[in-house]
Amino acid sequence: MPYNVAAADLLRFAAATTEAHGVPAEDARLLADTLVTAELWGHPSHGVLRLPWYLARVASGATTATAAPEVVSDNGAVIVLDGRDGLGQVLADRATRLGVERAREHGISAVAVRGSGHFGTAAYFTRKAAEEGCVALLATNASPAMAPWGGREKRVGTNPWSIAAPGGRYGTVVMDIANTAVARGKIYHAEEHGEPIPEGWAADADGVPTTDPRRAIEGLILPMAGHKGYAISFMFDVLAGVLTGSAFGTGVVGPYRPTGRSGVGHLLICVDIRSMADPAEFGRRMEALIEETKSVPTAPGAAEVFVPGEPETRTAERLRTEGITLADGTWASLARVADATAVPLPTPVIPQELPA
């Protein structure tokens with residue numbers, strides 16, 4: 001039976017259990033907020049099902065509880081940070097704040113992070129930069145998930161990326177995608193629900209297409225758009241891994257493993273809108289683009305045309321009222337965390353109906 005919980009209670013639980021693992025309170029709340037925000041956006045694949053994975057890595061020492069990034073080089077607009085195996089969310093957040101600060105000073109900034117870990121949803125951080133008046137691009141590499149085009153063994157990560165920009169009165173416009181047909185977390189989510197995955201998502205260890213999530217986890221995730229997804233993912237490993245001085249290719253360890261240095265790298269590029277255009281005029285131009293896009297007649301079966309980031313905003317508004325539904329498998333894993341940390345589980349609630 002799925003469990004429905006309030007976002008605030010889930011945030012309290014995730015923060016408290018993370019703090020119980022020696023993570024400073026502010027950093028623990030940040031990690032918790034990234035996970036609960038993913039749930040609110042309708043992306044449980046990047047939500048609290050990942051909490052036990054992150055905590056297991058902290059407990060094993062693979063992830064350092066207290067992030068203490070070190071500046072490797074600082075050329076004003078370009079900064080390189082060594083994350084020293086801290087939590088990816090904490091390092092990405094600090095990189096975002098630094099990127100916005102330097103973009104305001106130089107017009108554009110690039111912050112490279114090496115020695116980091118999985119940071120959850122990239123959009124969580126690019127949205128923050130957009131809210132500060134920047135257009136931001138954030139790329140990260142990840143542990144091997146797909147085969148090179150024409151190959152049959154894992155060598156290339158999903159290597160997701162996000163771009164966000166202020167959208168005037170429409171809020172933030174943001175995209176966040178992996179370069180595979182689907183994020184690996186969605187396959188884990190399907191496994192927890194005991195559901196098959198759609199055709200075209202993955203292949204088994206022999207390269208044979210499969211709808212079995214367990215065989216997919218042991219096998220390969222297929223690239224989006226065929227060879228194009230593979231090429232994009234490869235090049236983002238160049239930017240986030242090779243260029244930053246971090247691990248790359250098969251050298252990256254994912255959050256699914258409790259041990260082993262992660263070696264994830266990130267690259268954040270921020271453009272201060274004021275350095276290129278009047279922010280108010282930029283906002284009006286964005287509104288015009290959004291309105292033109294949304295005014296397109298809908299295709300059969302579609303109720304509305306959305307711009308990037310809009311579905312997540314709508315879903316968050318609804319789930320803040322209705323609560324967040326957790327699968328049985330996710331609840332069971334959280335119960336084990338609760339037992340280990342003596343932190344009470346969130347209290348299940350009855351979903352509230354939205355007003356007519």
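Residues numbered from 1 in each chain as written. Predicted model: local features only at pLDDT ≥ 70, side-chain atom pairs only at ≥ 80, totals over all residues. Heavy atoms only, no water.

Caption draft 1: Focus on the overall build of the chain. A tally of helices and strands in the chain yields eleven helices and 14 strands. For a compact globule of 356 residues, the expected C-alpha radius of gyration is about 21 Å, and the chain comes in at 20 Å, within 12% of that figure. If you line up the chain on its principal axes, its C-alpha atoms span 55 × 50 × 45 Å. Residue burial in the chain is summarised as follows: out of 356 residues, 52% are buried. Only carbon and sulfur atoms are counted for the fraction: they give 57% of the accessible area of the chain, which is about 16000 Å². (Helix = DSSP H or I, 4+ residues; strand = E, 2+ residues; numbered from the N terminus. Rg over C-alpha atoms; globule rule 2.2 N^0.38 Å. Buried < 20%, exposed > 50% of the residue type's maximum accessible area, 1.4 Å probe, protein only. Areas by Shrake-Rupley, 256 points an atom, 1.4 Å probe, with all protein chains shown as cover.)

Caption draft 2: Region of interest: the pattern of salt bridges. As enumerated under the stated definition, the model contains 20 salt bridges in all. We note a salt bridge from Glu-101 to Arg-102, for which the minimum N-O separation is 3.8 Å. Judged by its relative accessible area of 45%, Glu-101 falls in the partly exposed class. Close ionic contact of Arg-169 with Glu-287 constitutes a salt bridge, the shortest N to O distance being 2.9 Å. Here Glu-287 lies in helix α9 (residues 279–294) and Arg-169 lies in the loop between β8 (161–166) and β9 (172–177), a separation of 118 residues in the sequence. Three or more residues are tied together by salt bridges with common partners; here these are Lys-294, Glu-304, Glu-310 and Arg-314. (Salt bridge = Lys/Arg side-chain N within 4 Å of Asp/Glu carboxyl O.)

Caption draft 3: Representation of unusual backbone geometry. The backbone of Arg-84 sits at a positive phi, close to 50°, despite the residue not being glycine. By secondary structure assignment, the location of Arg-84 is in the loop between β3 (78–82) and α4 (88–106).

Caption draft 4: A look at the pairing of β9. In this sheet, β9 lies alongside β8 in antiparallel orientation, the contact comprising six bridges. The residue bridging Ile-163 from the neighbouring strand is Met-175, located in β9. Where β8 hands over to β9, the hairpin turn is made up of five residues, of which Gly-168 adopts a positive phi near 65°. (Pairing = 2+ DSSP bridges.)

Caption draft 5: Structural view of the sheet that holds strand β11 (residues 209–210). The strand order across the open sheet built from three strands is β11-β10-β12, with neighbouring strands paired in antiparallel fashion. Each edge of the open sheet carries a strand with a single partner, namely β11 and β12 (220–221). Across two bridges, the pairing between strand β10 (residues 202–203) and β12 is antiparallel. Among the inter-strand pairings, Ala-203 is bridged to a residue of β12, identified as Leu-220.

Caption draft 6: Layout of the nonpolar core. One finds Leu-10, Ile-324 and Leu-326 to be the most contacted residues of the largest nonpolar core, which totals 58 residues. Other than its neighbours up to four places away in sequence, Leu-10 contacts Val-5, Val-36, Glu-39, Val-48, Ile-324, Leu-326, Leu-334 and Pro-346. One finds Ile-187, Ala-190, Ala-202 and Ala-216 within the second-largest nonpolar core, a separate group that totals twelve residues. (Core = buried A, V, L, I, M, F, W, Y, C linked by side-chain atoms within 4.5 Å. Contact = heavy atoms within 4.5 Å.)

Caption draft 7: Molecular detail of helix α8 (residues 227–242). Taking 1.5 Å of rise per residue, the 16 residues of α8 would be expected to cover 22 Å, and the 21 Å separating its terminal C-alpha atoms lies within 8% of that figure. Residues Gly-229, Ser-233, Phe-236, Asp-237, Ala-240 and Gly-241 constitute the buried set of α8. In a view along the axis of α8, the buried residues occupy a sector of 115°, so they form one face of it. Elements in contact with the buried residues of α8: β5 (134–140), β6 (144–146), β7 (156–157), β8 and β13 (264–272). (Expected span 1.5 Å × (residues − 1). Arc of directions from axis to C-beta.)

Interpretation note: all reported values are geometric properties and have no functional meaning in isolation.
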